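Topology and contacts: notes
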Amino acid sequence: RAGKPALGVGEYYPRIWRRFWSPSPRATYDREWTLSVQAALNLLADMREVFRCIEPAVGSNSFAYGHQIRDLLMLACTEVESGWKSVLRANHYPSGRWNTQDYVKLLAPMRLGDWELALAMHPGFPPFKPFDGWTAAEPTKSLGWYDDYNEVKHGREDAFYRATLKSLVYAMGAVFVMVSAQFGPWLRPDDGEDEQHGSAFGPQWADDFSILA
């Protein structure tokens, strides 16, 4: 028989979204939600500029790399790290010099591995789960796009080729997931709570990603 839930009816962990239970982001996390969305929107706009030159699709395009892709990969991953840190801090995780050994502990409670996305306007790029396969045993290596970022960050001359379009798309998907997994997949801050899974994000997200699962 299942044990007693850790939380009572109507209770929730800060910045860990649950359908039907979590509050509206504007009512509870106005500043945090707004800053997170604005940061994501800026990154997504830059990603679309890359797509004007390189079509995201299966094949050799996925392995295209360059300085602009590298720069965006770095920014996207640091934004994901910012989200990880904010959630840990909000839930009173012990302070210290955090790394992926700490961040991976968010995988289960935030259900990060469950989020599946598709590039809404680029059907040639297959659906993907940004956090699929992330493990505590290898918390950096098991997250391929993050490992690419880590290698490029610490050794551009030797690892420049790892700043690929595929890694960028996955990292940007992770940015998208982190905002949604914290605050819920609302289309706009004033939308009702019925706008949930199964629909493409509207103008607020510029139709970059669709949620598949």
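So, here is what we can say about the structure in this document. The structure presented is a predicted model; accordingly, all values stated were derived computationally and were not measured.

1. Description of the side chain of Asp 147
The residue Asp 147 is located in helix 5 (residues 144-154) in this model. For Asp 147, a relative accessible area of 7% translates into the label buried. Among residues more than four places away in sequence, those in contact with Asp 147 are Thr 140, Lys 141 and Arg 162.

2. Quick notes on empty space enclosed by the protein
Under the definition given, this model contains one cavity of 30 Å³ or more. In terms of lining, the largest cavity is formed by 12 residues, of which the most central are Ser 22, Pro 23, Tyr 29, Gln 182 and Phe 183. Grouping the constituent residues of the lining of the largest cavity by class yields eight nonpolar, three polar and one charged.

3. Examining the packing of aromatic side chains
Going through the model one piece at a time under the given rule, you end up with 17 aromatic pairs. Relative to Tyr 146, the ring of Trp 84 lies with its centre 5.6 Å away and its plane at 55°, an arrangement referred to as tilted. With Trp 84 in helix 3 (residues 67-90) and Tyr 146 in helix 5, the pair connects residues that are 62 residues apart, well separated along the chain. The class for Trp 84 is buried, based on a relative accessible area of 0%. Its relative accessible area of 5% is what places Tyr 146 among the buried residues. Put simply, the rings of Trp 84, Tyr 103, Phe 131, Trp 134, Trp 145, Tyr 146 and Tyr 149 pair up and form one aromatic cluster.

Criteria and thresholds
Residues numbered from 1 in each chain as written. Predicted model: local features only at pLDDT ≥ 70, side-chain atom pairs only at ≥ 80, totals over all residues. Heavy atoms only, no water. Helix = DSSP H or I, 4+ residues; strand = E, 2+ residues; numbered from the N terminus. Buried < 20%, exposed > 50% of the residue type's maximum accessible area, 1.4 Å probe, protein only. Contact = heavy atoms within 4.5 Å. 1 Å grid on protein atoms, 1.4 Å probe; cavity = no way out; pocket = protein on both sides within 12 Å on 5 of 7 lines; lining within 4 Å. Points joined across faces, edges and corners; volume = space filled by probe spheres on them. Nonpolar A, V, L, I, M, F, W, Y, C, P; charged D, E, K, R; others polar. Phe/Tyr/Trp six-rings, centres within 6.5 Å; stacked < 30°, edge-to-face > 60°.

Worth remembering: the numbers are spatial, not functional.
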